[in-house]
Amino acid sequence: MKEIHAKELFSHIDPFAIHEDPAIALATDGKETNGLTIGWAEYGVLWSKPAATVYVHKTRYSKHIFDGAEYYAICYLKEENKDVLGYFGSVSGRDENKMEKCGLTAVTDDLAPYFAESKLVVICRVMGRNDFDPDSVDAGVVGWYAREGVHTLYHGEIVKVLIAED
Ligand SMILES: Cc1cc2nc3c(=O)[nH]c(=O)nc-3n(C[C@H](O)[C@H](O)[C@H](O)COP(=O)(O)O)c2cc1C
């Protein structure tokens, strides 16, 4: 893969499209590596850095790994690998080693783990995290949190963006 500048990111992805065309967020805490399909993410500027925020629900197995991670990667897959999105979005790392079973190649010698087959990878350094405050949202949103509780937000500085060369 080849590195591009964070400012070039939106020439390659549409930040609004992640809802219909999800990605996989991966992290390691040094002991375990896991990830989950994400349909929510925000890109912009935070604390004067190019930034991305991902939302990991408290019930996800990935949460304790993201809590112990210094970096995470957002992987956008190529068309031919998009079936893996269904796997990472429906099976939990609690039950299966998704990294081993998914059929993709994990790159483990960079700042964060990512899939070598990705179309584009955004690597982020965790600058901060916080739990969503369900008391702060309007009535239209509060329903998201009625059953299972809130997401944790991981605010990352975008430190590296990689695109596939083919
Ligand atoms: C299209 C799609 C988008 C999703 N977006 C998110 C998300 O942004 N945040 C989240 O916590 N879970 C999201 N999920 C659910 C997790 O990917 C799913 O619960 C996953 O199995 C969790 O894996 P884990 O337990 O190994 O962490 C999404 C699932 C799908 C199918």
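The sections below set out a description of the structure shown in this document.

Calculation notes
- Residues numbered from 1 in each chain as written.
- Predicted model: local features only at pLDDT ≥ 70, side-chain atom pairs only at ≥ 80, totals over all residues.
- Helix = DSSP H or I, 4+ residues; strand = E, 2+ residues; numbered from the N terminus.
- Rg over C-alpha atoms; globule rule 2.2 N^0.38 Å.
- Buried ≥ 20, exposed ≤ 12 C-beta atoms within 10 Å, placed from the backbone.
- Contact = placed C-beta atoms within 7 Å.
- Near = placed C-beta within 6 Å.
- Nonpolar A, V, L, I, M, F, W, Y, C, P; charged D, E, K, R; others polar.

**Examining the overall build of the chain**
Next, step 1: Along its length, the chain carries 4 helices and 10 strands.
Next, step 2: Along its sequence from the N terminus, the chain presents helices and strands in the succession β-β-β-β-β-α-β-α-α-β-β-β-α-β.
Next, step 3: Taken over the C-alpha trace, the chain has a radius of gyration of 15 Å; the compact-globule value for 166 residues is 15 Å, and the two agree within 12%.
Next, step 4: For the chain, the spread of C-alpha atoms along the principal axes amounts to about 45 × 40 × 30 Å.
Next, step 5: When burial is assessed residue by residue, the chain has 29% of its 166 residues classed as buried.
Next, step 6: Counting only contacts in the chain whose residues sit at least 6 apart along the sequence, the fraction spanning at least 24 positions is 71%.

**Focus: the site of the ligand**
Next, step 1: With respect to spatial proximity, 20 residues lie near the ligand, and among them Gly39, Ser62, Gly89, Ser92 and Gly93 are the closest.
Next, step 2: Breaking the shell around the ligand down by element, the ones donating at least two residues are β3 (33–38), β5 (49–57) and α2 (83–90).
Next, step 3: Residue contributions to the shell around the ligand peak at 4 residues, all from β3.
Next, step 4: Tallied by class, the residues present in the shell around the ligand amount to 8 nonpolar, 10 polar and 2 charged.

**Points about unusual backbone geometry**
Next, step 1: The phi torsion at Trp47 lies on the positive side, around 50°, for a residue other than glycine.
Next, step 2: By the secondary structure assignment, Trp47 is in the loop between β4 (41–46) and β5.
Next, step 3: Backbone geometry at Ser48 places phi at a positive 65°, although glycine is not the residue there.
Next, step 4: With respect to the element layout, Ser48 can be found in the loop between β4 and β5.

Keep in mind that these numbers describe shape and distance, not what the molecule does.
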